[in-house]
Amino acid sequence: MITRNLNILSGYNVLYLEDDDSLLHQTKDMLSDFVKNVFAVKTSKEALEVIKKERVDVIISDILLENENGIDFLRELKENQDIHIPTILTTAHTDTKYLLDAIKLKVENYIVKPINLKELLNTLHDIVLPLTQEKEIQKNSNVIRTISAITDSKQVEVIKCILDDLNEQNEFIASYSDIMQKISISKPTLIKLFKELSEKKILVKSAHKTYKFNESALDVI
């Protein structure tokens, strides 16, 4: 039996497109306990507006919507908008035509209604797991590349702390005192590290206690 760690879902945003009010709110409420944000909408127009304004990691869409088709919406996203977001289709139908269209669009999975929460969560997990692994690999790579840019081995733990605490905008928000409460390091050593990272443009101060992690700066080290 495969054991899935559903905790990884908490870092991802889901767009849910469903024209049935009751199902829309019911499924949104269930998903909200597991994922970061659920953007629940009833039309493809609303869905597109969300995609333009918010970070969407996975789309869950009904196939047959009122006066429109979920597959047509996905085709519009991929072919005309050049937007490629992993997608789960939900359907109460087993019409082969729809499934073939879904395959052609390389839809990640489909779920037959009524939606089973466990099946939906497991499907979401399997979609975001590679994304999580890719993020972890990238983070570890950044740790190694950033460490290679400094000379004091005592500062390695601080580097890991910075990269672990980056927000979605790649910003690290903390004071020297905040860091020193977590890590046993002297203030002069800490100041030296931040100065060195700043000179190499790896950390760029953007506001009080706020530093932007500039990943592209690692490419010239």
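Reading guide: rules and limits
- Residues numbered from 1 in each chain as written.
- Predicted model: local features only at pLDDT ≥ 70, side-chain atom pairs only at ≥ 80, totals over all residues.
- Heavy atoms only, no water.
- Domains from an automatic or database assignment.
- Contact = heavy atoms within 4.5 Å.
- Buried area = accessible area lost by both parts, 1.4 Å probe.
- Salt bridge = Lys/Arg side-chain N within 4 Å of Asp/Glu carboxyl O.
- Nonpolar A, V, L, I, M, F, W, Y, C, P; charged D, E, K, R; others polar.
- Pairing = 2+ DSSP bridges.
- Helix = DSSP H or I, 4+ residues; strand = E, 2+ residues; numbered from the N terminus.
- Axes fitted to C-alpha atoms, helices over the stretch in contact; angles between N-to-C directions.
- Buried < 20%, exposed > 50% of the residue type's maximum accessible area, 1.4 Å probe, protein only.
- Right-handed = clockwise from strand over helix to strand, strands pointing away.

- As recorded by an unreviewed UniProt entry, the protein chain carries the name Response regulator receiver domain protein (CheY-like) and is attributed to Sulfurimonas denitrificans.

## Some points on the domain arrangement of the protein chain
- Looking at the protein chain, the domain boundaries give domain 1 (7–139) and domain 2 (151–217).
- The interface is formed by 4 residues belonging to domain 1 together with 4 residues belonging to domain 2.
- Taking both sides of the interface into account, the surface hidden between domain 1 and domain 2 amounts to around 350 Å²; carbon and sulfur atoms contribute 30%.
- Of all residues in domain 1, R55, Q138 and K139 give up the largest surface area on contact with domain 2, accounting jointly for 82% of the area buried on that side.
- At the boundary of domain 1 and domain 2, one finds 2 salt bridges.
- Between E168 and K36 there is a salt bridge, with its nearest N and O atoms 2.0 Å apart.
- Tallied by class, the residues present in the side of domain 1 that touches domain 2 amount to no nonpolar, 1 polar and 3 charged.

## Structural notes on the sheet that holds strand 8 (residues 171–173)
- If you walk across this open sheet you meet the 3 strands as 8-10-9, and the pairing is antiparallel. A single partner strand is all that each edge strand has here, and the edge strands are strand 8 and strand 9 (203–207). With strand direction ignored, the average angle separating the axes of adjacent strands in the sheet is 35°.
- With 4 bridges joining them, strand 9 and strand 10 (residues 210–213) adopt antiparallel strand pairing. Residue A207 lies in a different strand from strand 10, and its bridge partner there is T210.

## A word on the pairing of strand 1 (residues 13–17)
- Most of strand 1 is tucked away: 5 of the 5 residues are buried.
- Residues N13, L15 and L17 point to one face of strand 1 and V14 and Y16 to the other, with burial holding for every one of them.
- In this structure, strand 1 lies alongside strand 2 (residues 37–41), joined through 5 bridges in parallel fashion. By the bridge assignment for strand 2, N13 is matched with N37.
- In this fold, the crossover linking strand 1 to strand 2 by way of helix 1 (residues 21–32) has right-handed handedness.
- Relative to strand 3 (residues 58–62), strand 1 runs parallel, the two being bridged by 4 bridges. Bridge assignment links L15 to a residue of strand 3, and that residue is I59.

## Observations regarding the pattern of salt bridges
- Enumeration according to the criterion identifies 9 salt bridges in this entry.
- The residue E168 makes a salt bridge to R55 at a minimum N-O spacing of 2.9 Å. With E168 in the loop between helix 6 (156–164) and strand 8 and R55 in the loop between helix 2 (44–53) and strand 3, the pair connects residues that are 113 residues apart, well separated along the chain.
- Residue classification places E168 among the partly exposed residues on the basis of a relative accessible area of 43%.
- Owing to a relative accessible area of 31%, R55 belongs among the partly exposed residues under this scheme.

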